[in-house]
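Coordinate analysis (summary)
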Amino acid sequence: MLDADLAHERNYVAGLYARLEELRTEKRQQLAQVRRAGAVGTMQNVSERDAFAALYEDRLAQLDAVDDRLVFGRLDLDSGEAQYIGRIGLTTDDLQRLMVDWRAPEAGHFYQATAFDRQGVRRRRHLILQGREVKAIEDDVLDADMLADDASLQGEGALLAALDSKRTGRMSDIVGTIQSEQDRIIRSSISGALVVQGGPGTGKTAVALHRAAYLLYTHRERLKTAGVLLVGPSSSFMKYIERVLPSLGETGVVMASVGRLMPGIKAVAEPEAVVAAIKGRLDMVKVVANAVANRQRIPAEDRVLDVDGRKLMLTRRQVSRARERARSTGKPHNEARLTFIKILLRELTEQMTDLVEAGSIGNNADRSYLAEDVRTARDVRIVLNLCWMPMTPEKLITELLSKPAVLAACTPSLSLRERSLLLRPAGAPWTEADVPLLDEAAELLGEMDPAAGRGLAQQEHDRARDLANAKQTLVNMGDMGVDVLISAEELADQNQERENRLTAAERATSDRTWAFGHIVVDEAQELSPMQWRLLVRRCPLKSFTIVGDIAQTSSVAGANSWQGALAPMFGDRWQLEELTVNYRTPSQIAEAAARMANAAGLVVSAPKAVREGRWAPVIDKVDHGQVVNRLVEVLPEELAALDGGLLAVIADGDLLPAATSALRAVYGRRIGNGAGSYEQDIVVISPREAKGLEFDGVVVLEPSVMLNREHGRVGDLYVAMTRPTQRLRLIAAEGIPAGIEG
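For the protein chain, an unreviewed UniProt entry supplies the name AAA family ATPase and the organism Pseudarthrobacter sulfonivorans.

This is how it looks when you write it as structure tokens:
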């Protein structure tokens, strides 16, 4: 029976891959035909041809990305039908369904059905593929009538096989092994903010990524133009997860760390935790507003201005009145400046006109030129700019943080010590904690060119033009022999979608005003209140998926509770779901990490580990100054135990470069360090860089220093100890933190 079933599945899966190749060939031919057609007619025709090309390119990218483990499951239903579940949906030319997309509603039974609630499923079959060949099958029989006398219920074999497999340095999807509680969260409503709380190893990140793919599939009409933004804790993390969404059939998600969400800014980590905490407080909103108001000044005294040899008087009262009228418009600083300038130029021009007419009584010549003379006069331009200077966010925040007098004027609520901590040189690099300040400044300042942007009428005009051009393009393409299977409306939408999709991807770095349809935030416990304010501004609908673990908070500016973090931005428009099973960390390691955290005063959720590992944590106590030497000594033992698995050395402070240097002297290029190095045999990283990642084995250097370092959090050590899937070793000269040894 098993051999016959295996042969059947191999034949069926071979047919699915054959269909996949047919579709790839078809799209390549269509793409080549469009490209051969060349540009016909106007630039709009070229744009429409490009839209066809983009349509085929997108489909090809999707078909190419799902090759690995194309199909992973089969459902045998009460109706007698067999449904195959895979990464995308596949049909024959005559629309007979061959495979169901994992995100489709009927595919939910694959993850949710149990023997107690079969949902019409008699048997769930896991197909375990190696390359394109089915190597094994595993059945979960849910209908007792299907069981033979010597048969028994089977389950979790596919899951445990996936958990025991070696890590590659890149995150893999879990689409074939999603568990029921994970699936329920993935398929939750898009409305409001969904918080997914889960301890280490519970699959928070995997759930977040699969949810992004699911929402794009289910709500494509809503999200195809607005897009989905996925925010992670670091560029290292984004590199680690970048292949997952394409493998799930989606390529349209914008991925960025918070430090990349301000146009033109590539922020570095804030070097001082206490400075990050100050910048992250919500009272910085008032500080930035004060900085903007500080650039709307009234001169200390009335000013005499020279315009073509005539003396004009600009009084403090005039400036004050113009400032109040400009502020009352409610417009941002740079836009309100136009009102301010217009008022004062008019009053100065009236003065100038009176002076000219007083010297030439009876002369009725046209004097409209006087307005231009006043506007271009050097004295006038200087004084008006001093009173209300147009500003960029970068210039405003640079002045705020580099000029003691400006900082003191704008921060009456800060102490002298806090001000001294914020002060820095004008040329200092931008940090992740600066990005929300820059964003707040951009919101208050507005565009340097207030005329930028287009109105609704212009957009409607453009839509009508694009639709007409699309209709003509279809006629042209048909005349050239291109097989056209799309309507004019769909082509216009595709062209617009292509523009918006490209723009959406670019606007994470080039357009601060882009509003996403949904935002997924991973490691959300690390965000400061100001960073939350920035993200909510990026999604006015407040449609969020927020995943994290309060116990793993390592940032001083981060959250102590979800209520405290989210209430200021979301009010009560959020709901909490919790993942309760630890799939990654062996029980011996998970329990040691939880005991350590509890002993240090941190209350942690303790998700149940699904497996017991081969090794308890290994602890090495060494003399002072010998931590790195001991690391070099024991590394061969660790590598042998992992048998080709991925090993991470997690260290902090001075130990990080010391360990990197010592290991490179022995292992050369096998040592990786920093973003993009996680596919190498041995990786040396900090606890912050390790957040969200996983390795077969981990060596933690000087855990008590990591736990107690200045401004540190228990979360750093907790994160480090819960990264391994197999083996954990700790090397310490400063003593072992309480709880680890039981």
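After presenting the structure, the write-up continues.
Moving on: the environment of Ile343. Assignment of secondary structure puts Ile343 in helix α13 (residues 333-358). Classification of Ile343 by relative accessible area gives buried; the value is 4%. Apart from residues lying up to four places away in sequence, Ile343 is in contact with Ala322 and Arg325.

Within this numbering scheme, the UniProt entry marks Gly198, Gly199, Pro200, Gly201, Thr202, Gly203, Lys204 and Thr205 as carrying the feature "binding site: ATP" (unreviewed entry). Tracing the backbone shows Thr202 in the loop between β7 (193-198) and α6 (204-218). Excluding anything up to four places from it in sequence, Thr202 contacts Gln182, Leu579, Val581, Asn582, Tyr583 and Pro607. As for its placement among the helices and strands, Thr205 is situated in helix α6.

Let us look at the packing of aromatic side chains. Scanning the model with the defined rule gives eight aromatic pairs in all. Judged by centre distance (6.5 Å) and plane angle (55°), the ring pair of Trp532 and Phe544 falls under tilted. Placement of Trp532 in helix α22 (residues 529-538) and of Phe544 in strand β13 (residues 544-548) is noted, with a sequence separation of 12 residues between them. Ring geometry for Trp532 versus Phe570: centroids 6.2 Å apart, planes at 85°, classification edge-to-face. Note that Trp532 is positioned in helix α22 and Phe570 in helix α23 (residues 562-570), a separation of 38 residues in sequence. A relative accessible area of 1% means that Trp532 is categorised as buried. Each member of the aromatic cluster is reached from another via a ring pair, and the members are Phe72, Phe110 and Tyr111.

Quick look at the sheet that holds strand β6 (residues 133-141) now. An order of β3-β4-β2-β1-β5-β6 is seen for the six strands of this open sheet, with the pairing classed as mixed. Edge positions in the open sheet fall to β3 (90-91) and β6, since each of these has one partner strand only. Of the pairings in the sheet, the one linking strand β1 (residues 71-77) to strand β2 (residues 82-86) comprises five bridges and is antiparallel in character. Across the sheet, residue Asp76 finds its bridge partner in β2, namely Ala82.

Read across the open sheet, the six strands follow the order β9-β8-β12-β13-β7-β14; overall the sheet is parallel. With partners counted over all chains shown, the strands left at the sheet margins are β9 (253-257) and β14 (574-579), one partner each. Put simply, the sheet's adjacent strands are angled 15° from each other on average, direction ignored. Bridging between β7 and β13 involves five bridges; their strand directions are parallel. Opposite Gln197, over in β13, you have Gly548 as the bridge partner.

Moving on, we get to the side chain of Glu432. As for its position among the elements, Glu432 is in the loop between α18 (416-422) and α19 (435-445). A distance of 2.7 Å separates a polar atom in the side chain of Glu432 from a polar atom in the side chain of Arg688. Among all residues touching Glu432, those that are not within four sequence positions of it are Gly259, Ala267, Val268, Ala269, Gln531 and Arg688.

The next subject is the nonpolar core. Counting residues in hydrophobic clusters, the biggest one holds 73 residues, and the most contacted among them are Ile85, Trp102, Leu230, Met596, Ile650, Val700 and Met721. For this core, the element with the highest residue contribution is α6, accounting for eight residues. When residues no more than four places from it in sequence are discounted, the contact partners of Met596 are Leu707, Val714, Leu717, Tyr718, Met721, Pro737, Ala738, Gly739 and Ile740. One finds Val254, Val288, Leu437 and Trp574 within the second-largest nonpolar core, a separate group that totals 59 residues.

Mapped onto the elements of the fold, Ala606 is located in the loop between α24 (587-599) and β16 (608-609). In this structure, the C-alpha to C-alpha distance between Ala606 and Thr580, residues 26 residues apart in sequence, is 7.8 Å.

Let's shift gears to the pattern of salt bridges. A full pass over the atoms with the stated rule returns 57 salt bridges. A salt bridge links Arg125 to Asp5; the nearest nitrogen and oxygen atoms lie 2.9 Å apart. Taken together, the residues span a long stretch of sequence, with Arg125 in strand β5 (residues 121-130) and Asp5 in helix α1 (residues 2-37) at a distance of 120 residues. A salt bridge links Arg69 to Asp68; the nearest nitrogen and oxygen atoms lie 3.5 Å apart. Residue class for Arg69 comes out partly exposed when judged on its relative accessible area of 28%. One connected set of salt bridges, linked through shared partners, spans Asp5, Glu9, Arg74, Asp76, Arg123, Arg125 and Asp139.

Conventions used here
- Residues numbered from 1 in each chain as written.
- Predicted model: local features only at pLDDT ≥ 70, side-chain atom pairs only at ≥ 80, totals over all residues.
- Heavy atoms only, no water.
- Helix = DSSP H or I, 4+ residues; strand = E, 2+ residues; numbered from the N terminus.
- Buried < 20%, exposed > 50% of the residue type's maximum accessible area, 1.4 Å probe, protein only.
- Contact = heavy atoms within 4.5 Å.
- UniProt positions renumbered as here; feature names shortened; annotations may be inferred.
- Phe/Tyr/Trp six-rings, centres within 6.5 Å; stacked < 30°, edge-to-face > 60°.
- Pairing = 2+ DSSP bridges.
- Axes fitted to C-alpha atoms, helices over the stretch in contact; angles between N-to-C directions.
- Polar contact = N/O pair within 3.5 Å; in protein donor to acceptor, adjacent residues only side chain to side chain.
- Core = buried A, V, L, I, M, F, W, Y, C linked by side-chain atoms within 4.5 Å.
- Salt bridge = Lys/Arg side-chain N within 4 Å of Asp/Glu carboxyl O.

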